[in-house]
Amino acid sequence: MGSLEGRVAIITGAGRGIGREHALLFAAEGAKVVVNDLGATNDGSGADISPAQQVVDEIVAAGGEAVVDGENVADWEGAQRMINAAIETFGDLDILVNNAGILRDRVIVNMTEDEWDAVIAVHLKGHFAPTRWAASYWREQHKAGIHKPRNLVHTSSTSGLFANPGQANYGAAKTGIATLSQIAAKELVRYGVKSNTIAPGARTRLTLATPGLEDIMRPPENTFDQWDPANVSPLVAYLATAGCAFTGETFLVQGGNVTVVESWTRGEGVDRDCRWTVAELAQALAPLARPL
Ligand SMILES: NC(=O)c1ccc[n+]([C@@H]2O[C@H](COP(=O)([O-])OP(=O)(O)OC[C@H]3O[C@@H](n4cnc5c(N)ncnc54)[C@H](O)[C@@H]3O)[C@@H](O)[C@H]2O)c1
């Protein structure tokens, strides 16, 4: 029996790249999969359902169960329709994997409003909107006396967690996603929901568009291909299992490496029982300053 036998999963942005590998593994592990993908280009323009349909065809040909969904994850009603489609097609929803993404890299001084809005929409709203509708459904089910384990898996990035220059829009969204996941973990625990985040590293059209990465990520001849996007999916499948031992965590995952990310923690500080002056603070904080 597969680790996800009989569970119903939605995977967003599953027509290509990492999401495609999640969908194939989830189906092989026994899940019924809604393969969502708008079929956008790298920058989010355009729409083409055929990559997602190919993933569904591949799953069905291998004896699995899957349906295609072409909703835009950043569309409020579209996200609701996607959640409803899973419930109407497969009778329930156990797992939501938020994965869809785009890039519009630019340094802050040159970034346009449109570049900022598009990336924040697909990543941050595109994680929140499906999560919101899934959470509402899970709360209804819980109130109706149906208590089942449910799983959210979100997709962040080292670009956000470790603040990569040139990606203010993407990085802000990706850090926001990691915090959204932690808040979801705290709010939804009462409904049996676990919420975790991954920050993957893999060879996909998104990373291949970054100058220099194609050479670094080229598949080797006879050794382990550490940039194969399929390396990311076993962790996501594990985080989607009913018995997953984690919630509110973020994991780096690339090749054979899986590392827990430490969240924001309080560092050194100064404290006293009255208000500081600017000059006093400048002096008191000086020993804590890092070299510029
Ligand atoms: N590849 C990496 O190394 C890497 C690193 C860090 C984070 N990520 C994240 O992993 C996720 C998957 O990226 P990937 O590298 O597989 O890229 P990809 O371009 O191969 O796949 C992303 C998919 O999302 C779909 N998509 C885009 N906008 C959508 C929307 N509004 N609604 C529905 N689908 C939409 C695209 O059509 C595409 O098929 C993204 O969230 C990305 O930011 C990837």
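Structure: above.
Residues numbered from 1 in each chain as written. Predicted model: local features only at pLDDT ≥ 70, side-chain atom pairs only at ≥ 80, totals over all residues.

Enquirer: For this particular structure, what's the right way to read helix α3 (residues 76–90)?
Expert: Residues lying three or four places apart along an α-helix face the same way, a consequence of the helix completing one turn every 3.6 residues. Between its terminal C-alpha atoms α3 stretches 22 Å, which fits the 21 Å expected from 15 residues at 1.5 Å a residue. Buried within α3 are the following residues: A79, M82, I83, A86 and F90. Looking down the long axis of α3, one finds its buried residues gathered within 90 degrees of arc, a one-sided arrangement. The exposed residues of α3 that point more than 90 degrees off its buried face are E77 and E88. On the buried face of α3, the contacting elements are β1 (8–11), β2 (32–36), β3 (65–69) and α4 (113–143). Two residues or fewer past α3, G91 is found with a positive phi of approximately 85 degrees. (Helix = DSSP H or I, 4+ residues; strand = E, 2+ residues; numbered from the N terminus. Expected span 1.5 Å × (residues − 1). Buried ≥ 20, exposed ≤ 12 C-beta atoms within 10 Å, placed from the backbone. Arc of directions from axis to C-beta. Contact = placed C-beta atoms within 7 Å.)

Enquirer: Mind showing me how you'd approach the environment of D228 here?
Expert: Along the chain, D228 turns up in the loop between α8 (213–217) and α9 (233–239). Distance from D228 to V97, taken between C-alpha atoms, is 19 Å for residues 131 residues apart in sequence. Among residues more than four places away in sequence, those in contact with D228 are A202 and R203.

Enquirer: What should I look at first to understand the site of the ligand in this one?
Expert: Taken together, 32 residues lie around the ligand, and G13, G17, A100, G101 and T204 are the ones closest in. If you list the elements that add at least two residues to the shell around the ligand, you get α1 (17–28), α4 and α7 (205–208). Split by residue class, the shell around the ligand holds twelve nonpolar, 17 polar and three charged. (Near = placed C-beta within 6 Å. Nonpolar A, V, L, I, M, F, W, Y, C, P; charged D, E, K, R; others polar.)

Enquirer: In this structure, what is going on with helix α6 (residues 168–188)? I would like to understand it.
Expert: Its 21 residues place the ends of α6 29 Å apart at the C-alpha level, agreeing with the 30 Å of an ideal helix rising 1.5 Å per residue. Taken together, the buried positions of α6 are A168, N169, Y170, G171, A173, K174, I177, A178, L180, S181, A184 and L188. As for α6, its buried residues are in contact with α4, β5 (150–155), α5 (158–161), β6 (193–200) and β7 (250–254).

Enquirer: Sorry, what's going on with the pairing of β3 here?
Expert: Within a regular strand, side chains alternate between the sheet's two faces. Relative to β3, β2 runs parallel, the two sharing five bridges. Bridging from a neighbouring strand, V34 pairs with V67 of β3. (Pairing = 2+ DSSP bridges.)

Enquirer: Can you walk me through the packing of α4 against α6 in this structure?
Expert: Two quantities define a packed helix pair, namely the angle between the helix axes and the distance between the axes. Across the interface, α4 lies against α6 with an axial gap of 9 Å and an inter-helix angle of 15 degrees. Taken together, the axes of α4 and α6 lie roughly parallel to each other. In this structure, α4 meets α6 at a crossing whose hand is right-handed. Contact with α4, carried on its side by E115, W116, V119, I120, H123, L124, H127, F128, T131, A135 and W138, involves N169, Y170, A173, K174, G176, I177, L180, A184 and L188 of α6 and no other residues of that element. Looking at side-chain class alone, the contact of α4 with α6 contains 13 nonpolar, five polar and two charged residues. (Axes fitted to C-alpha atoms, helices over the stretch in contact; angles between N-to-C directions. Parallel < 35°, antiparallel > 145°, perpendicular 65-115°, else oblique. Left-handed = near helix turned anticlockwise from the far one by under 90°.)

Enquirer: Sorry if this is basic, but what is going on with the sheet that holds strand β4 (residues 95–97) here?
Expert: Pairing between the strands of a sheet is mediated by backbone hydrogen bonds and can be parallel or antiparallel. Reading across the sheet, the eight strands line up as β3-β2-β1-β4-β5-β6-β7-β8 and stay open at both edges, with mixed pairing between neighbours. Each of the sheet's edge strands pairs with one partner strand only, and the pair in question is β3 and β8 (257–260). On average, each strand axis in the sheet is inclined to that of its neighbour by 20 degrees, with strand direction left out of account. Examined bridge by bridge, β1 and β4 share three bridges and lie parallel to one another. The partner of A9 across the bridge, within β4, is I95. The sheet strands contacting α1 are β1, β2, β3, β4 and β6, and the helix crosses β1 at an angle near 170 degrees.

Enquirer: Explanation requested: the packing of α1 against helix α2 (residues 50–61) in the structure shown.
Expert: Look at α1 against α2: their axes get within 10 Å of each other, and the N-to-C directions meet at 20 degrees. One element, α1, and the other, α2, form an angle in the roughly parallel class. The hand of the α1/α2 crossing is right-handed. Together, R20, A23, L24 and A27 of α1 and V55, E58 and I59 of α2 make up the contact between the two elements. In terms of residue class, the contact of α1 with α2 is made up of five nonpolar, no polar and two charged.

Enquirer: Even after reading the chapter, I still don't get the nonpolar core, so can you show me in this structure?
Expert: Nonpolar side chains tend to gather and get buried jointly when the protein is soluble and globular. Membership of the largest hydrophobic core comes to 67 residues, with the highest contact counts inside it found for A9, A23, F26, V33 and V35. In terms of residue count, the dominant contributor to this core is α4 (nine residues). Ignoring any residue separated from it by four or fewer positions in sequence, one finds V33 in contact with A9, I11, A23, F26, A27, I59 and A66. (Core = buried A, V, L, I, M, F, W, Y, C linked by C-beta atoms within 7 Å.)

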